[in-house]
Amino acid sequence: MDQPKVTRTVVVANRAGLHARAALMVFNLARSFQAKVEIVTDQQRASARDMLQLLSLGAGQGCELVLEADGPDAGAALDALAQLFSVGFHEDDG
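These notes cover the structure that comes with them. Here the structure is a predicted model, which means the values were calculated and not measured.

Take the packing of aromatic side chains next. For the coordinates displayed, the defined rule picks out one aromatic pair. On the numbers, 5.0 Å between centres and 65° between planes, the contact of Phe85 with Phe89 is edge-to-face.

In this structure, Asp50 sits in the loop between strand E3 (45-47) and helix H2 (51-56). Owing to a relative accessible area of 26%, Asp50 belongs among the partly exposed residues under this scheme. As a C-alpha pair, Asp50 and Phe33 span 17 residues in sequence and 14 Å in three-dimensional space. A polar contact of 3.1 Å, which involves the side chain of Asp50, links it to the backbone nitrogen of Leu52.

Further remarks concern helix H1 (residues 20-31). Along its twelve residues, H1 runs 16 Å from first to last C-alpha, staying within 8% of the 16 Å computed at 1.5 Å per residue. When H1 is considered as a whole, its buried residues turn out to be Ala22, Ala23, Val26, Phe27 and Ala30. Burial along H1 is one-sided: seen end-on, the buried residues are contained in an arc of 140°. Against strand E2 (36-40), H2 and helix H3 (74-86) lie the buried residues of H1.

Below, the discussion takes up the pattern of salt bridges. Inspection of every chain in the model, using the stated rule, returns six salt bridges. For Lys36, the salt bridge is made with Glu38, and the minimal N-O distance between the two is 3.9 Å. For Glu38, a relative accessible area of 16% puts it in the buried group. The closest approach of N and O atoms between Glu38 and Arg45, which form a salt bridge, is 2.8 Å.

Turning our eyes to something else, we now look at the pairing of E2. Within E2, four of the five residues are buried, which leaves it mostly tucked inside the rest of the structure. As paired strands, E2 and strand E4 (residues 64-70) are joined by five bridges and run antiparallel to one another. For Ile39, the partnering residue across the bridge sits in E4 and is Leu67. Pairing of E2 with E3 involves three bridges; the strand directions are antiparallel. Across the sheet, residue Val40 finds its bridge partner in E3, namely Arg45.

Spatially, the four strands line up as an open sheet ordered E1-E4-E2-E3, and their pairing is antiparallel. Among the strands making up the open sheet, the edge pair consists of strand E1 (6-11) and E3. Strand after strand, the sheet turns through a mean of 25° between neighbouring axes, direction not considered. By the bridge criterion, six bridges tie E1 to E4 in an arrangement that is antiparallel. Across the sheet, residue Val6 finds its bridge partner in E4, namely Ala69. Running at roughly 0° to E1, H3 makes contact with E1, E2 and E4 of the sheet.

Cut-off values and rules
Residues numbered from 1 in each chain as written. Predicted model: local features only at pLDDT ≥ 70, side-chain atom pairs only at ≥ 80, totals over all residues. Heavy atoms only, no water. Phe/Tyr/Trp six-rings, centres within 6.5 Å; stacked < 30°, edge-to-face > 60°. Helix = DSSP H or I, 4+ residues; strand = E, 2+ residues; numbered from the N terminus. Buried < 20%, exposed > 50% of the residue type's maximum accessible area, 1.4 Å probe, protein only. Polar contact = N/O pair within 3.5 Å; in protein donor to acceptor, adjacent residues only side chain to side chain. Expected span 1.5 Å × (residues − 1). Arc of directions from axis to C-beta. Contact = heavy atoms within 4.5 Å. Salt bridge = Lys/Arg side-chain N within 4 Å of Asp/Glu carboxyl O. Pairing = 2+ DSSP bridges. Axes fitted to C-alpha atoms, helices over the stretch in contact; angles between N-to-C directions.

Take a look at the structure:
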């Protein structure tokens, strides 16, 4: 039986937006799950497992994104990614 698609809405909190280091964090985290994860803006859709697609989103600070996932651990994947976005990719940590 197919698992239903799971979604979460996040806001890019860090000042630099979804730049290379932040995109790499998303990429690495997404790869640690079996679920297929995509990030959606008003204009584009990107695989969380494709660095070029992530960077092409051009998601700056305050940009609202929808995370979509399907697969056996979709909920856990989105929970982890949403947490990463909520802490601003740890850029303001000491």
